[in-house]
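Okay, here's what each chain looks like letter by letter:
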Amino acid sequence: SYGWLLAGDPDPQGVRLADLQHFLRRHPQIGGLFWDFASLPQKPRSQEEDVAFGRALSAMGDLYASPLGTVVLRIKRIPPRPEGFVE
């Protein structure tokens, strides 16, 4: 879980991706990954993608409460402000 840095790109400089890769290298026993931005269709979405997105949202609780075991990685580090960011 992490906050998005820009509306259309949560990680424009790849800082969080690097953090995730570092974590996964240290934990090779993790056999699967769900990462919302990469795993779900983002806006703008087609009608078909909207349907798939809705189905995924309805199953989201299963990902975080799996009886098989779930690891939730919370990235706390805040990357530098993206270039060109306008408040």
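Everything that follows concerns the structure shown earlier in this document.
Remember, it's a predicted structure, so these values are computed and weren't measured experimentally.

## Some remarks on the overall build of the protein chain
Then, number 1: A count of helical and extended segments in the protein chain gives three helices and zero strands.
Then, number 2: Listing each helix as α and each strand as β along the protein chain from the N terminus yields α-α-α.
Then, number 3: For the protein chain, the C-alpha atoms occupy an extent of roughly 45 × 40 × 15 Å along the three principal directions.
Then, number 4: Among the 87 residues that make up the protein chain, the fraction classed as buried is 17%.
Then, number 5: Across the protein chain, the fraction of contacts at a sequence separation of at least 24, relative to all contacts at a separation of at least 6, is 54%.
Then, number 6: Carbon and sulfur atoms provide 55% of the accessible area of the protein chain, an area that totals close to 6700 Å².
Then, number 7: Taken as two groups, the 10 positive and 10 negative side-chain charges of the protein chain have centres that lie 8 Å from each other.

## Regarding the layout of surface pockets
Then, number 1: Quantified by volume, the largest pocket comes out at close to 580 Å³.
Then, number 2: In this structure, the largest pocket is lined by 22 residues; those nearest its centre are Leu-33, Phe-34, Val-71, Val-72 and Leu-73.
Then, number 3: Among the secondary structure elements, those contributing two or more residues to the lining of the largest pocket are helix H1 (15–26) and helix H3 (47–64).
Then, number 4: When grouped by side-chain class, the residues that make up the lining of the largest pocket number 14 nonpolar, six polar and two charged.

## A few points about H3
Spacing of three or four residues puts side chains on the same side of an α-helix, whose turn is 3.6 residues.
Then, number 1: Between its first and last C-alpha, H3 extends 27 Å over 18 residues, near the 26 Å set by a 1.5 Å rise per residue.
Then, number 2: Residue Ser-58 marks the point of greatest curvature in H3, where the axis turns by about 40°.

Cut-offs applied
- Residues numbered from 1 in each chain as written.
- Predicted model: local features only at pLDDT ≥ 70, side-chain atom pairs only at ≥ 80, totals over all residues.
- Heavy atoms only, no water.
- Helix = DSSP H or I, 4+ residues; strand = E, 2+ residues; numbered from the N terminus.
- Buried < 20%, exposed > 50% of the residue type's maximum accessible area, 1.4 Å probe, protein only.
- Contact = heavy atoms within 4.5 Å.
- Areas by Shrake-Rupley, 256 points an atom, 1.4 Å probe, with all protein chains shown as cover.
- Lys, Arg positive; Asp, Glu negative; His and termini not counted.
- Charge placed at Lys NZ, Arg CZ, Asp CG, Glu CD.
- 1 Å grid on protein atoms, 1.4 Å probe; cavity = no way out; pocket = protein on both sides within 12 Å on 5 of 7 lines; lining within 4 Å.
- Points joined across faces, edges and corners; volume = space filled by probe spheres on them.
- Nonpolar A, V, L, I, M, F, W, Y, C, P; charged D, E, K, R; others polar.
- Expected span 1.5 Å × (residues − 1).
- Bend = angle between axes of the 7 residues up to and from the residue.

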